[in-house]
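For reference, the chains in residue letters:
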Amino acid sequence: MTDTTDLFLITGATGNTGAPTVGLLRERGFHVRAFVHTLDDRATRLQEQGAEVIQGDLLDFDAVSSAMVGVTAAYFCYPIDPPRLLEATAIFAQAASEAGVRAVVNMSQSPARREGHPGARDHWLAERLLDRTHLMTTHLRPTLFADWLTWQWVRHDGQGVLRLPLGNGRHAPIASADLARVIAAILANPAPHDRQIYPLYGPEELDHHAIAQKMAQTLGIPVRYEPVDIPSFAAAMRAQGASPFLAQYPSNVARDYQNSGVFAGTNNLVEAIGGTPR
């Protein structure tokens, strides 16, 4: 178990999982160093919570090494784009090892596997790379986040439409706040979770027609799901300004979602580890 003299490094600290993790750790009285890419209003809010904020890039070895000084355990969360996850993981692992960091919680993804598409395989390789260090490592493989349901959301004439290339596949959407509870709990007591891979899900598995119905009940407006084909979705993303990689990546995710079932399932790990019912 840790105590309040320990220091936790949170990367992606202004993101959907990083920011609430900072908040939870500060509420428990822990020292937190928040590693951010940009000093903006989100970073200011972290400072107001009592976190030490450091600006840097996960691809900058010197910046990451400086951020690791004195750190007990760290949360590693690399963005989808740019597609340099393995480089960032190697930098993070070396910097953490040199600094004597004891543990790392790694944000992976559900489809991470040797035979996966390039992005999924990179996450699998990143897990294996971290496992080859002396660090206590825990890999989180969440299904699709509930927060992403508004990503391609359209509201027009008092109605909502979800246009996604996900067919009739199913998953149990998980909230970023629930993931943060898991991350904070493991950082505070990493030993029982060493070398573990945790698939993480929300409480109820649904297809997107049922998800649209849930959204309609919450918002009080009609909401429907309109499946679109993968090429049309990728073209729409390019039209919105997405890079070629960022347009292709969700296409690979959609194929996995429709065909492999890797995002489907439920379990009680969020409650068992995080300690709070979903």
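This text goes with the structure placed above it.
Rules of the game
Residues numbered from 1 in each chain as written. Predicted model: local features only at pLDDT ≥ 70, side-chain atom pairs only at ≥ 80, totals over all residues. Heavy atoms only, no water. Pairing = 2+ DSSP bridges. Helix = DSSP H or I, 4+ residues; strand = E, 2+ residues; numbered from the N terminus. Axes fitted to C-alpha atoms, helices over the stretch in contact; angles between N-to-C directions. Salt bridge = Lys/Arg side-chain N within 4 Å of Asp/Glu carboxyl O. Buried < 20%, exposed > 50% of the residue type's maximum accessible area, 1.4 Å probe, protein only. Core = buried A, V, L, I, M, F, W, Y, C linked by side-chain atoms within 4.5 Å.

1. Examining the sheet that holds strand β8 (residues 159-164)
Now for step 1: Spatially, β7-β8-β12 is the arrangement adopted by the 3 strands of the open sheet, whose pairing is mixed. Because the sheet does not close on itself, it has two edges, and the strands there are β7 (153-156) and β12 (223-227). Between one strand axis and the next, the sheet turns by 25° as a mean value, whatever way the strands run.
Now for step 2: Note that β8 and β12 share 5 bridges and pair parallel. What sits directly across from Gly-160, in β12, is Val-223.

2. A few points about the pattern of salt bridges
Now for step 1: Counted by the stated rule, this structure contains 15 salt bridges.
Now for step 2: Where Asp-194 meets Arg-195, a salt bridge forms, and the shortest distance between an N and an O atom there is 2.9 Å.
Now for step 3: Asp-194 gets classed as partly exposed once you look at its relative accessible area, which sits at 29%.
Now for step 4: With a shortest N-O distance of 2.7 Å, Arg-224 and Glu-226 are connected by a salt bridge.
Now for step 5: Relative accessible area serves as the criterion here: at 38%, Arg-224 is assigned to the partly exposed category.
Now for step 6: Put simply, Glu-127, Arg-128, Asp-131, Arg-141, Asp-194 and Arg-195 are held in one network by salt bridges that share partners.

3. With respect to the nonpolar core
Now for step 1: Core analysis: the biggest nonpolar cluster contains 36 residues, and Leu-140, Leu-187 and Leu-200 have the highest contact counts within it.
Now for step 2: Of all hydrophobic cores here, the second largest spans 25 residues; its members include Met-68, Ile-91, Ala-95 and Val-101.

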